[in-house]
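Chain by chain, the residues run as shown.
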Amino acid sequence: MIDTNPDVKRWIRNIERSDDTFWLPLADGRFYPDFLLELTNGKIFIVEYKGVNLYTNEDSQQKRRVGQVWEKTSKGQYFFLMARDKDEQDRNVATQIQAKIDLIMER
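Attention here is on the structure that accompanies the text. Quick caveat: nothing in here was measured; it's all calculated off a predicted structure.

## Examining the packing of aromatic side chains
Under the criterion given, the structure shown has four aromatic pairs. Summarising the aromatic geometry, the rings of Trp70 and Tyr78 are spaced 5.0 Å apart at their centres and angled 15° between planes, so their arrangement reads as stacked. With relative accessibility at 16%, the residue Trp70 sits in the buried group. Grouped by ring-pair contacts, the aromatic residues Phe22, Trp70 and Tyr78 constitute a single cluster. A cation sits over an aromatic face here: Arg30 above Trp23, 3.8 Å from the ring centre.

Structure, rendered in structure tokens:
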């Protein structure tokens, strides 16, 4: 879905702990989100995926809070989504990502 999305200029799979990896600070270490996307409007969109069994644990809650603060303080330049198999609106991962992209693209 990311690779074929016309709103995505380019993207990479963020490899944890490689030389040029992107990370966000945690209280006890670093958070390496799964995907980094540059959208056609120049905005940066970070996507982290969590399975159902991990979405609500303490580690994921901390990462979600950090991502949300990072987005909120970016003055509209950076965006974050922690996607899961089905969200509270029963949307799959692709639909969650597209909904966030639509919000970022102001549609």
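Let's pick the thread back up.
## Describing the side chain of Lys50
Here Lys50 is to be found in the loop between strand 5 (44-49) and helix 1 (52-55). At 3.2 Å, the side chain of Lys50 forms a polar contact with the side chain of Glu48. Here Lys50 is in contact with Tyr55, Ser60, Lys63, Met82, Ala83, Arg84 and Asp85, once residues within four sequence places are set aside.

## Thoughts on the sheet that holds strand 1 (residues 8-13)
Taken together, four strands build an open sheet; the order of strands is 1-4-5-6 and the sheet is mixed. Only two strands of the sheet have a single partner each, and these edge strands are strand 1 and strand 6 (78-83). Each strand of the sheet is rotated relative to its neighbour by a mean of 20°, with strand direction disregarded. In this sheet, strand 6 lies alongside strand 5 in parallel orientation, the contact comprising six bridges.

## Topic: the nonpolar core
Membership of the largest hydrophobic core comes to 13 residues, with the highest contact counts inside it found for Val8, Leu37, Leu39, Phe45, Ile97 and Ile101. Not counting residues up to four positions away in its chain, the partners in contact with Ile97 are Met1, Ile2, Phe45, Val47 and Leu81. The next biggest cluster of nonpolar side chains, apart from the first, holds nine residues, and it includes Leu24, Leu26, Phe80 and Met82.

The rules behind each value
Residues numbered from 1 in each chain as written. Predicted model: local features only at pLDDT ≥ 70, side-chain atom pairs only at ≥ 80, totals over all residues. Heavy atoms only, no water. Phe/Tyr/Trp six-rings, centres within 6.5 Å; stacked < 30°, edge-to-face > 60°. Buried < 20%, exposed > 50% of the residue type's maximum accessible area, 1.4 Å probe, protein only. Lys NZ or Arg CZ within 6 Å of the ring centre and 35° of its normal. Helix = DSSP H or I, 4+ residues; strand = E, 2+ residues; numbered from the N terminus. Polar contact = N/O pair within 3.5 Å; in protein donor to acceptor, adjacent residues only side chain to side chain. Contact = heavy atoms within 4.5 Å. Pairing = 2+ DSSP bridges. Axes fitted to C-alpha atoms, helices over the stretch in contact; angles between N-to-C directions. Core = buried A, V, L, I, M, F, W, Y, C linked by side-chain atoms within 4.5 Å.

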